[in-house]
Amino acid sequence: MLSRIYAIFRARNLEFVRDRGTLAWNIALPIALMFGLAVIFGAEGRNEFTIGVVQIPKAAEAVEHPFFDTRYMRFVPVADVDSGMRKVSRHQLDLLVDFGAQPRYWINPDSSKGYFAEMALLRAVDLAGDTVAKAQIHGQAIRYVDWVLPGILGMNMMFSALFGVGYVIVRYRKNGFLKRLRATPLTALEFITAQIASRLILIMAITTLVFLGTKYLLGTPMEGSYATLFLIAIVGTVAMISMGLIVAARVTSEELAGGLVNVITWPMMLMSGVWFSLEGAGEFVQGAAKLFPLTHILDSARAVMLDGATLYDVAPSLIALSVMSAVFLGIGATTFRWRAA
């Protein structure tokens, strides 16, 4: 059995490496996006300001202040100052305000949107005839490029896993390659295992290369364990590949496979926190985002890279990804078919 798995595994690796255009694209795209964000857009990726309010829930209704009438501002309650400051430093909030007995606010000095939110706050305070103190953020302020790096890497992993497995296997089925394999002793589980192993090694190699390159060139932070981050990447990649197998299990049209993969990838890109935080989104949106493996990958990766989270801290995300992998793999293996018709 191992020899058959190895034969398919080796053939798939050779096929990918010999396709130099695809290989170069997988490496060049995330690097180009990182430098584009760092140099051109530099700071933020959202069109709305998210303001944290240190009060009980519905604080914006409990406190009357002209600042709450400012357009394009989304106000979200924050339980305490410490958690609010961390979110400001991580670009999850553009500004943190406390309209308590001694009004004060916090901004990230590396956030351009925080700067403009501060201007709006000071203008509203001036109109109200009040005063507000500017407080300092404790700890290191994180650049947007530092925060978005896991999103770029996760997005690249997602596309490589879904298109590299789902689309390729459909092509195999359409051109009759799977039909010929069906005549061999190879089983569906063995074939799927070889595909997962092949794509896993390729994705991990490319992701590691891009991560090390951006860390060296842009000086992105790494507060936690490299081993924990590597484990997150492995478990997350397996979950993504297993999801792609569901698309590849029975589809016979490459066009349909591409459409289905896009249907899966675009909601994940918008709702999993690739480009911006969902801190100000509704509870339904935040809950729905937890159904996507990419959300768990990015949340746990950012926790390790930016906050120094341990393996114990990210264990719930790893368990969720493992369960998703088992479910997706089971569906893909049981519904897999060799023939195109």
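The structure this text deals with has already been given above.
Conventions used here
Residues numbered from 1 in each chain as written. Predicted model: local features only at pLDDT ≥ 70, side-chain atom pairs only at ≥ 80, totals over all residues. Heavy atoms only, no water. Core = buried A, V, L, I, M, F, W, Y, C linked by side-chain atoms within 4.5 Å. Buried < 20%, exposed > 50% of the residue type's maximum accessible area, 1.4 Å probe, protein only. Helix = DSSP H or I, 4+ residues; strand = E, 2+ residues; numbered from the N terminus. Patch = residues over 30% accessible without salt bridge, like charges linked within 9 Å, V, L, I, M, F, W, Y side chains within 5 Å. Areas by Shrake-Rupley, 256 points an atom, 1.4 Å probe, with all protein chains shown as cover. Salt bridge = Lys/Arg side-chain N within 4 Å of Asp/Glu carboxyl O. Phe/Tyr/Trp six-rings, centres within 6.5 Å; stacked < 30°, edge-to-face > 60°. Lys NZ or Arg CZ within 6 Å of the ring centre and 35° of its normal. Axes fitted to C-alpha atoms, helices over the stretch in contact; angles between N-to-C directions. Parallel < 35°, antiparallel > 145°, perpendicular 65-115°, else oblique. Left-handed = near helix turned anticlockwise from the far one by under 90°. Contact = heavy atoms within 4.5 Å. Pairing = 2+ DSSP bridges.

Caption draft 1: Focus on the nonpolar core. Within the largest apolar cluster, 62 residues are counted, with the highest numbers of intra-cluster contacts made by Met158, Ile169, Phe191 and Met268. For this core, the secondary-structure elements that each account for two or more residues are α1 (2-18), α6 (144-174), α7 (177-182), α8 (188-218), α9 (226-248), α10 (254-271), α12 (293-307) and α13 (315-335). Broken down by element, this core gets its largest block of residues, 12 residues, from α6.

Caption draft 2: Focus on a nonpolar patch on the surface. On the surface, Ile246, Ile319, Val323, Val327 and Ile331 cluster together into a nonpolar patch covering about 400 Å² of accessible area. Here the element with the most residues in the nonpolar patch is α13; it accounts for 4 residues. Examined against the element boundaries, isoleucine 331 turns out to sit in helix α13. Look at isoleucine 331 and you get partly exposed, because its relative accessible area is 39%.

Caption draft 3: Looking closely at the packing of aromatic side chains. Tallied over the full model, the rule gives 6 aromatic pairs. Plain terms: the ring middles of phenylalanine 68 and phenylalanine 75 are 4.8 Å apart, the flat faces sit at 70 degrees to each other, and that makes the pair edge-to-face. An identical accessibility class is assigned to phenylalanine 68 and phenylalanine 75; each is buried. With a centroid separation of 5.3 Å and an interplanar angle of 80 degrees, the aromatic rings of tyrosine 115 and phenylalanine 116 are classed as edge-to-face. A residue is classified by how much of its surface remains accessible, and phenylalanine 116, at 51% relative accessible area, is exposed. These aromatic residues form a ring-pair network of at least three members: Phe67, Phe68, Phe75 and Phe99. The lysine or arginine in question, lysine 113, covers the ring of phenylalanine 49, its NZ or CZ lying 5.0 Å from the ring centre. Arginine 302 extends its terminal NZ or CZ atom over the ring of tryptophan 147, reaching a point 3.6 Å from the ring centre.

Caption draft 4: Region of interest: the packing of α12 against α13. Close contact between α12 and α13 brings their axes to 9 Å; oriented N to C, the two are set at 155 degrees. Between α12 and α13, the interaxial angle falls into the category roughly antiparallel. Remark: the crossing between α12 and α13 carries left-handed chirality. Two secondary-structure elements touch here, α12 through Pro293, His296, Ile297 and Ser300 and α13 through Ser317, Ala320, Leu321 and Met324.

Caption draft 5: Region of interest: the side chain of serine 317. One can find serine 317 in helix α13. Ignoring any residue separated from it by four or fewer positions in sequence, one finds serine 317 in contact with His296 and Ser300.

Caption draft 6: Broad picture of the pairing of strand β3 (residues 95-98). Side chains Leu95 and Val97 of β3 all project onto a buried face; the interleaved residues Leu96 and Asp98 project onto the opposite face, where all are buried too. Sheet topology note: the strand β1 (residues 49-54)/β3 ladder contains 3 bridges and is parallel. Considered in β3, the bridge of glycine 52 is made with leucine 96. Here 3 bridges tie β3 to strand β4 (residues 104-106), and the two strands are oriented antiparallel to one another. What sits directly across from aspartate 98, in β4, is arginine 104. Linkage of β3 to β4, two consecutive antiparallel strands, is achieved through a turn of 5 residues.

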